[in-house]
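# Fold and contact review
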Amino acid sequence: MSEMFDAVDALVASRAPLPPAEERKRLRVAHGLTLDGVAGALKVRRATVSAWESPKKPTEPRGPEREAYARLLKQLAELYPAPVPATFTGAAAPAEVRPLSTGEASEAAAMTATENTQTPVPAPVTAAPAAAPRPASTTRSTSTSRRPGARKAAPAGTPAGGTDPRFENGPLAVVDVDDDGKVLAYCTGGLVLDVPAKSLPSLVDWTLKEAKLGAPKLSGPGKDADPLLVLTEAALERYGLPATLTEEERIAGRIPEGHKVIKQLTRAQWQLTKRGFGPWARIYRPAQGSERACVQLCIPSWNALDTRHWGAAGQLAPAELARLLGVYASRVMTPRGSTAVTGLELMTALHPATRASEPDADGKRHSEHNPGSLGKDPVDCAPCEAPDGHPLLKDLPRFHVRGPAEKLFEEAYDWARPMTDAECTLRHLVGIDVNMAFAAGANGLNVGLGAPTHVTNPVFDPKLPGSWLVDLSHVDLSKVKVGKEWVELDGSLLPSPFTPKGERPEGPAWYATPTVAYAVELGYEVRPLEAWVRRENGRYLDGWYNRLRDAYLATMADLGVDADLSPEDFLAAMDGYKSRDPELAIVVSAIKATVKGGLGKLRERPRGEGWRPGEPWRALSRPTWRPDIRAAVISRTRINLHRKIVKHASFTGQYPIAILSDCVVYAANGPSPLDFLPYREGKPLPGGFKLGVNPGLVKHEGTQDVLWGEEVRERFNAPELNLARYIKDGTVTDVDNGE
């Protein structure tokens, strides 16, 4: 009888009910699962799971796979119930505004993994919340909250601050004063709180005790994110602070220590960091055990939100600003300062310096080094990695200029050449730009974690991070290896991969590991004279890359640019994508700036403060002051670009006319990248340029006429003017100086 029952159970399981294909994908994405992860658990191919989720022609699993798949989806459905369509008070959102995604674009993550030969570990991405207009006036006795009607679409049931009850109101609030003089805190998800605080110290107390603001830590040994308060000009006036800084205060980056509000904070036993009370002030009390008491302020009218990266965010209404910053905070992290500061802080948040040890004999835990982190103590760089003015170089003559044999100089491309006669007969100059190029360069990169070790006459090891003194002048670009085959190219039309200006090196010079490894890849022998290597190493930036990649892809998907679009559809989706939701377009800009700024902070230079060459500056005391890591990322980014250029040239005979950082300009007969990028049956050249939204793929930067390029160069008498600098809109106000 039991065998009969088992047969009946198997028969029922073979037809276990499954939700529609779209719902299957929604549930997987909501839990942060990749296609590869599900396929591995069910012991099927990735393509099989993808077919189960296909909205056009979904296939159905059979047998034990169906039972297991149904079990997975049932459990996910309990965790992530299907959203109910949102209702609105007021006008509906414009038709062209897409519904915001409820998670990351995992297909995009998978495509990025293929591009960069690394399987990513995705993190769930919070949906972009809706903005809320100012609420109607209400009678108030204590701190209360309300959710007014939403202005833009957002998934129903999306919590303001995730599932952690400590932070149920989200990571931040924009504090403003309404027309009736009431202080309101606009949170993410359309939530508005009444603020009873009458002074800044009481506002800080209220934030920590009642507001339920903040965000959970990003890694096990890490710390929860402190709540962020954004103060509008009206809030500044209410709490006794100036609406704008004087010129003297702007230069100092803070208000005077004798300001009355600072005295109020001091009397209430609150402290400020060494930066003082500036655009990104941090107000805290020393931690009591594991309990932190700290509030981060952001003051847009004091230029906290740099317009180069945040656009007009500082001019937005409070609810819209809360939405914008809330999306950034949930997908990247709660801002800790400028995008550069946040990019650097994100590295530490994902790889904290210390962790709790295992219990000792007395059952107590102690702080110990967290493997894979940069530790809590700074390490000296190698002399060749030190920027000018570093204490390691204090004994050099005052006006000594270090050459390539003394200084590691890994920077992005700034190269151009005159057009050939054949190129002048073509009609257009087309620029393509690599998406998140420096983030893609960091992906899977092995970097040093500890101090460097000096070695002489070493054998080059492409897996060992470091700086190498080696002569690469013998590498001839007219004959190189592409894959396993030697190919002949016109080397005069290619930039050198070893120098930012594209000039062929003229003797021994210092290079980061990816640059030297590329010389070997091109088929040439290398014999380093000496090196500074880091034997303690690891892929420190992987989590940082994954977090920023997921944030970028999810936000671009919200703007209508998905990762699975055909080349033609991708170009069409990119056309005017910023206008679909200008606030989310600002988030995209800020994410990009977080990448570049965070890497730049790895080699932060002195900023005033009476510094003199040869003396240490404040940034040197950080374990995250690591110019070698910055150099390795830039080196790999430049090499990645050159590899694609060589692959393209070997296949098509086309050569770049200008390169600026991650933008490359080609001459073509048509105005679109599709007029010169080789696609066969919709598939790109393997290893070459590929159109798409993923980091490492390319988008259309701009198109100008060939006659425009020649006229500009003739006007400024500059036959090698870098046209990549102006290809976007064609505006040239003066000859560039390389800055």
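Our structure is the block above this text.
None of these values were measured; they are calculated from a predicted model.

The rules behind these values
- Per chain, residues are indexed from 1 in the order of the written sequence.
- Under the rules for a predicted model, residues below a pLDDT of 70 receive no local features and side-chain atom pairs below 80 are neither given nor counted, while totals for whole chains, interfaces and linings still include all residues.
- Heavy atoms from the whole structure form the basis of all side-chain values; hydrogens and water molecules are not counted.
- Where helices and strands are cited, they refer to DSSP runs of H or I of at least four residues and of E of at least two residues respectively, numbered from the N terminus.
- With a 1.4 Å probe rolled over the protein chains alone, any residue whose accessible area is under 20% of its type maximum counts as buried; one over 50% counts as exposed, and the rest are partly exposed.
- Any two residues whose heavy atoms approach within 4.5 Å are treated as being in contact.
- Working definition of a nonpolar core: buried Ala, Val, Leu, Ile, Met, Phe, Trp, Tyr and Cys residues. They are joined through side-chain atoms within 4.5 Å.
- Stacked, edge-to-face and tilted labels apply to pairs of Phe, Tyr and Trp rings (six-membered ring for Trp) whose centres lie within 6.5 Å, assigned for plane angles under 30 degrees, over 60, and everything in between, in that order.
- Distance and angle both matter: a charge sits over a ring if NZ of Lys or CZ of Arg is within 6 Å of the ring centre and within 35 degrees of the ring normal.
- A carboxyl oxygen of Asp or Glu within 4 Å of a side-chain nitrogen of Lys or Arg is what we treat as a salt bridge.
- In this description, strands pair whenever DSSP reports at least two bridges between them.
- What counts as an axis is a line fitted to C-alpha atoms, over the stretch in contact for a helix, and the angles between N-to-C directions run from 0 to 180 degrees.

Time to look at the environment of E65. As for its position among the elements, E65 is in helix α5 (residues 63–79). Judged by its relative accessible area of 27%, E65 falls in the partly exposed class. Leave out the neighbours within four places in its chain, and E65 touches L42, V44 and W52.

The next point concerns the nonpolar core. For soluble globular proteins, the rule of thumb is that nonpolar side chains tend to be buried together. Among the nonpolar cores identified, the biggest contains 112 residues, and W310, V480, W544, M556, I591 and F689 are the most heavily contacted of them. Among the elements that line this core, the one with the most residues is helix α20 (residues 627–652), at 9 residues. Formed by 35 residues, the second largest nonpolar core is a distinct cluster that contains V183, L193, A197 and I283.

Time to look at the packing of aromatic side chains. Centre distance and the angle of the planes are the two values used to describe a pair of aromatic rings. Evaluation of the coordinates by the stated rule reveals 10 aromatic pairs. Ring geometry for W617 versus W625: centroids 6.0 Å apart, planes at 80°, classification edge-to-face. Members of the aromatic cluster, each reached through a chain of ring pairs, are W611, W617 and W625. When the ring centre of W270 is taken as reference, the NZ or CZ atom of R285 above it lies at 3.7 Å. Between K479 and the ring centre of W486, over which it is positioned, the NZ or CZ distance is 5.8 Å.

This brings us to the pattern of salt bridges. Under the defined criterion, the tally for this structure stands at 35 salt bridges. A salt bridge links D224 to R166; its shortest N-O distance comes to 2.7 Å. Taken together, the residues span a long stretch of sequence, with D224 in the loop between α7 (200–209) and β5 (228–231) and R166 in the loop between β1 (145–146) and β2 (172–177) at a distance of 58 residues. A residue is classified by how much of its surface remains accessible, and D224, at 25% relative accessible area, is partly exposed. For R166, a relative accessible area of 44% gives the class partly exposed. For R282, the salt bridge is made with D226, and the minimal N-O distance between the two is 2.6 Å.

In terms of backbone geometry, most residues other than glycine have negative phi values and most peptide bonds are trans. Positioned with a positive phi, N303 is a non-glycine residue whose angle comes to about 70°. The phi dihedral of M436 falls on the positive side, at around 45°, and the residue is not glycine. Structurally, M436 can be placed in the loop between β12 (428–434) and α15 (437–442). Residue classification places M436 among the buried positions, given a relative accessible area of 8%.

Reading across the sheet, the 5 strands line up as β11-β21-β22-β12-β25 and stay open at both edges, with antiparallel pairing between neighbours. The sheet terminates laterally at β11 (414–416) and β25 (698–705), the two strands that pair on one side only. Taking the axes of each pair of neighbouring strands and ignoring which way they run, one obtains an average angle of 20° across the sheet. In the sheet, β12 pairs with β25 via 7 bridges, with the strands oriented antiparallel. Bridging from a neighbouring strand, V434 pairs with V698 of β25. The sheet contacts of helix α21 (residues 706–715) involve β11, β12 and β25, and relative to β25 the element is tilted by about 70°.

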